[in-house]
Amino acid sequence: MKFKDMPYERVNLDEFKTLAEAMKLRLSHADSAETAASAFEEFEAASVRAATEFELAFIRNSLDTTDEYYAAEQLFCDGVRPLFSEIVQDFTKALLESRFRAELESKWGSVMFLNAEIGLKAF
């Protein structure tokens, strides 16, 4: 798919927060490493979709700063991105505290968890 054909959809922060809270609960109450991994993977997919929308708005606004629609979208994104980051950090804490952390680290590697710890400290 060419960049110009990529559809843009404004991030619905309320929907993202609801999904994040549900996945955090699923992760925290998981009865197996597979359930915990599934919760993380669903959260991660939603996070990537949202981040892609933020980037699309940014790039399209940068390409044509006279486009009023993307100028407004960029302002919106600038306003909600800190809230988005806060939601991500809250989920990350739950991931790091998971009782299945050892199993998840063996599945995805310890670097992901080290980066998550560093990200929390930086936030």
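Placed above this text is the structure.
A short tour of the structure in this document, coming up.

1. Digging into the packing of helix 1 (residues 13-28) against helix 2 (residues 33-63)
Argument step 1. Put simply, helix 1 and helix 2 touch, their axes get as near as 8 Å, and they point 165° apart. The angle between the axes of helix 1 and helix 2 places the two elements in the roughly antiparallel class. The interaxial crossing formed by helix 1 with helix 2 has left-handed handedness. Here helix 1 contributes Phe16, Leu19, Ala20, Met23, Arg26 and Leu27 to the contact with helix 2, which in turn contributes Thr35, Ala36, Ser38, Ala39, Glu42, Phe43, Ala46 and Ser47.

2. Notes on the packing of helix 2 against helix 4 (residues 101-108)
Geometry of a packed helix pair, given as the angle between the helix axes and the separation of the axes.
Argument step 1. Contact pair helix 2 / helix 4: the axes reach a minimum separation of 9 Å and the direction vectors enclose 60°. As the angle between them shows, helix 2 and helix 4 are arranged oblique. Between helix 2 and helix 4 lies a crossing of right-handed hand. Within the contact between the two elements, helix 2 uses Ala33, Ala36, Ala37, Phe40 and Glu41 and helix 4 uses Glu103, Leu104, Lys107 and Trp108.
Argument step 2. Along the lines of polarity and charge, the residues of the contact of helix 2 with helix 4 split into six nonpolar, no polar and three charged.

3. Points about the environment of Phe76
Argument step 1. Structurally, Phe76 is set in helix 3 (residues 68-96).
Argument step 2. A sequence separation of 22 residues divides Phe76 from Phe54, and the C-alpha atoms of the two residues are 9.4 Å apart.
Argument step 3. Setting aside chain neighbours within four positions, we find Phe76 in contact with Arg10 and Val11.

4. Description of the packing of aromatic side chains
Argument step 1. One pass over the full model with this rule turns up nine aromatic pairs.
Argument step 2. Through a chain of ring-to-ring contacts, three or more aromatic side chains come together here, namely Phe16, Phe40, Phe43, Phe54, Phe84, Phe91 and Trp108.
Argument step 3. Of note, Arg10 hangs over the ring of Phe76, and the distance from its end group to the ring centre comes to 3.9 Å.
Argument step 4. For Arg60, the ring lying beneath its charged end belongs to Phe3, and the centroid distance is 4.9 Å.

5. Remarks on a nonpolar patch on the surface
Argument step 1. On the surface, a nonpolar cluster with roughly 370 Å² of combined accessible area is contributed by Phe3, Phe58, Ile59 and Leu63.
Argument step 2. Summarising the element assignment, Phe58 is placed in helix 2.

6. What about helix 1?
Argument step 1. Its 16 residues give helix 1 an end-to-end C-alpha distance of 22 Å, which sits within 8% of 22 Å, the value for a rise of 1.5 Å per residue.
Argument step 2. Buried within helix 1 are the following residues: Leu13, Phe16, Ala20, Met23 and Leu27. Buried residues of helix 1, seen end-on, are gathered within an arc of 90° and therefore sit on one face of the element. Facing away from the buried side of helix 1 by over 90 degrees, the exposed positions are Asp14, Glu15, Thr18 and Leu25.
Argument step 3. The N-cap residue of helix 1 is Asn12: its side-chain oxygen and the backbone nitrogen of Asp14 are 3.1 Å apart.

7. Re the side chain of Gln74
Argument step 1. Inspection of the secondary structure puts Gln74 in helix 3.
Argument step 2. Gln74 gets classed as buried once you look at its relative accessible area, which sits at 11%.
Argument step 3. Leave out the neighbours within four places in its chain, and Gln74 touches Ala57, Phe58 and Asn61.

Basis of the calculations
Residues numbered from 1 in each chain as written. Predicted model: local features only at pLDDT ≥ 70, side-chain atom pairs only at ≥ 80, totals over all residues. Heavy atoms only, no water. Axes fitted to C-alpha atoms, helices over the stretch in contact; angles between N-to-C directions. Helix = DSSP H or I, 4+ residues; strand = E, 2+ residues; numbered from the N terminus. Parallel < 35°, antiparallel > 145°, perpendicular 65-115°, else oblique. Left-handed = near helix turned anticlockwise from the far one by under 90°. Contact = heavy atoms within 4.5 Å. Nonpolar A, V, L, I, M, F, W, Y, C, P; charged D, E, K, R; others polar. Phe/Tyr/Trp six-rings, centres within 6.5 Å; stacked < 30°, edge-to-face > 60°. Lys NZ or Arg CZ within 6 Å of the ring centre and 35° of its normal. Patch = residues over 30% accessible without salt bridge, like charges linked within 9 Å, V, L, I, M, F, W, Y side chains within 5 Å. Areas by Shrake-Rupley, 256 points an atom, 1.4 Å probe, with all protein chains shown as cover. Salt bridge = Lys/Arg side-chain N within 4 Å of Asp/Glu carboxyl O. Expected span 1.5 Å × (residues − 1). Buried < 20%, exposed > 50% of the residue type's maximum accessible area, 1.4 Å probe, protein only. Arc of directions from axis to C-beta. Polar contact = N/O pair within 3.5 Å; in protein donor to acceptor, adjacent residues only side chain to side chain.

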